[in-house]
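Read off the chains here:
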Amino acid sequence: MKFLKIIAWLALVALIVIQSFPIILNESDTVPQSDFMVENQVPATIKNRLQISCYDCHSNNTDYPWYSKIQPAAWYLKDHIQEGKDELNFNEWATFSDRRKNSKLRSIISQIEEDKMPLDFYTLIHRDAILSDEDKRMIIDYMTALKDSLE
């Protein structure tokens, strides 16, 4: 029993200590001219859905939830956001070649069609990020038209 108490105290101390290691936040005050929305003049309804459902992980400006201030959750979020940005950063859209844009658009379409994006664990907490069937169809149609215009 004494051993379990020692382990519990050490775990508590470790949890307190790791709070002193904050993350660098993925936040920006400006929307770059290379952003997907700027370059493509996206209709307002699609723009709104993409910002709510995609931009937290796929842009340089994340709207952080309350639990992002608590370690180790903040570290997990930081890694997850970096992975998302490495895969697709909407803020860098204009810097992509047409071939890469085409590839990204195909990927966006398939990810939405297969219900892989937004991620289930994200929509579990961010209920407003869930895409309705109508949202999916609207986004897929827009992305398909955009892809076809590049070919």
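Keep in mind the model is a prediction, meaning the values are calculated, not measured.

A. Representation of the environment of asparagine 26 in the model. Structurally, the position occupied by asparagine 26 is in the loop between α1 (2–18) and α2 (36–40). Expressed as a C-alpha distance, the spacing of asparagine 26 and cysteine 57, which sit 31 residues apart in the sequence, is 9.3 Å. Every residue in contact with asparagine 26, bar those within four places of it in the chain, is listed here: Asp56, Ser59, Asn60, Asn61, Thr62, Tyr64, Ile81 and Lys85.

B. Region of interest: the packing of aromatic side chains. One pass over the full model with this rule turns up 6 aromatic pairs. Measuring from ring centre to ring centre gives 5.0 Å for tyrosine 55 and phenylalanine 90, while their planes differ by 5°; the resulting arrangement is stacked. In this pair, tyrosine 55 sits in the loop between α3 (44–53) and α4 (73–87) while phenylalanine 90 sits in the loop between α4 and α5 (98–113), placing the two residues 35 residues apart along the sequence. Seen from their ring centres, tryptophan 66 and tyrosine 67 are 5.5 Å apart, and the 90° between their planes marks the pair as edge-to-face. For tryptophan 66, a relative accessible area of 67% translates into the label exposed. Overall, the relative accessible area of 17% leaves tyrosine 67 in the buried class. A connected cluster of aromatic rings, assembled from ring pairs, spans Phe36, Tyr55, Phe90, Trp93 and Phe96. Sitting over the face of the ring of phenylalanine 96, arginine 100 holds its NZ or CZ atom 4.2 Å from the ring centroid.

Parameters and conventions
- Residues numbered from 1 in each chain as written.
- Predicted model: local features only at pLDDT ≥ 70, side-chain atom pairs only at ≥ 80, totals over all residues.
- Heavy atoms only, no water.
- Helix = DSSP H or I, 4+ residues; strand = E, 2+ residues; numbered from the N terminus.
- Contact = heavy atoms within 4.5 Å.
- Phe/Tyr/Trp six-rings, centres within 6.5 Å; stacked < 30°, edge-to-face > 60°.
- Buried < 20%, exposed > 50% of the residue type's maximum accessible area, 1.4 Å probe, protein only.
- Lys NZ or Arg CZ within 6 Å of the ring centre and 35° of its normal.

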